[in-house]
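# Structural characterization, general
What follows is the residue order along each chain.
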Amino acid sequence: MSPFFRRGSGRVTPEQAHRLVADGQAVLLDVRETQEWNAGHAPGALHLPLTQLMAGAPLPTTVRGRRVVAICRSGNRSRTAADFLAAVGVEATDVTGGMTAWARQGLPVTGVNGSGGVIA
């Protein structure tokens, strides 16, 4: 098991998250609300708002059985998501600083229509 993932989530930096996803070691799961996602998200991320996850919505099929890196705007909701996922047996972690830190580090952000996105 990777030191970043455990059953009781750890945390990763935006750069570590980007590398884990780029290397195929994890799936990036954006847990922000739809309007935030539409404004700007990491390319290739999957979307499942925390409110839906906590209400029992299933993980997207492409996430099941894979390690998950949760991300939100600042790191609070993603921490909750990672803890919840770890409690139900998913290897999960989250991104310290969320999409705000992701964008500040110059990592890619795209809008819903494929254009440059912003963090809302």
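If you're wondering where the values come from, they're calculated on a predicted model, not measured in any experiment.

Reading the values: rules and limits
Residues numbered from 1 in each chain as written. Predicted model: local features only at pLDDT ≥ 70, side-chain atom pairs only at ≥ 80, totals over all residues. Heavy atoms only, no water. Helix = DSSP H or I, 4+ residues; strand = E, 2+ residues; numbered from the N terminus. Buried < 20%, exposed > 50% of the residue type's maximum accessible area, 1.4 Å probe, protein only. Pairing = 2+ DSSP bridges. Contact = heavy atoms within 4.5 Å. Axes fitted to C-alpha atoms, helices over the stretch in contact; angles between N-to-C directions. Salt bridge = Lys/Arg side-chain N within 4 Å of Asp/Glu carboxyl O. Core = buried A, V, L, I, M, F, W, Y, C linked by side-chain atoms within 4.5 Å.

### Things to note about the environment of Thr-13
- Here Thr-13 lies in the loop between β1 (10–12) and α1 (14–22).
- Overall, Thr-13 belongs to the partly exposed group, its relative accessible area being 32%.
- Separated by 80 residues in sequence, Thr-13 and Thr-93 place their C-alpha atoms 10 Å apart.

### Looking at the sheet that holds β1
- In spatial order, the strands read β1-β5-β4-β2-β3; together these 5 strands make up an open sheet with parallel pairing. Strands at the two margins of the open sheet, each flanked by one partner only, are β1 and β3 (46–47).
- Note: strand β2 (residues 27–30) against β3, 2 bridges, orientation parallel. From the neighbouring strand, Leu-29 faces β3, where its bridge partner is Leu-46.
- Docked against the sheet, α1 engages β1, β2, β4 (68–71) and β5 (92–95), running at close to 90° with respect to β1.
- Strands in contact with helix α4 (residues 76–87) are β1, β2, β4 and β5; relative to β5, the strand with the most contacts, it is inclined by about 175°.

### Section: the pattern of salt bridges
- On inspection of all chains with the given rule, the structure shows 5 salt bridges.
- For Asp-94, the salt bridge goes to Arg-11, with nearest N and O atoms at 2.7 Å. Here Arg-11 lies in strand β1 and Asp-94 lies in strand β5, a separation of 83 residues in the sequence.
- Of the residues examined, Asp-94 reaches a relative accessible area of 0% and is grouped as buried.

### Considerations on the nonpolar core
- With 16 residues, the main nonpolar core has Leu-29, Leu-53, Leu-59 and Leu-85 as its most contacted residues.
- If you list the elements that add at least two residues to this core, you get β2, α3 (50–54), β4 and α4.
- At 3 residues, α4 tops the list of elements feeding residues into this core.
- Those residues in contact with Leu-53, other than ones at most four positions away along the chain, are Leu-48, Leu-59, Ala-81, Phe-84 and Leu-85.
- Formed by 15 residues, the second largest nonpolar core is a distinct cluster that contains Val-12, Leu-20, Ala-26 and Ala-42.

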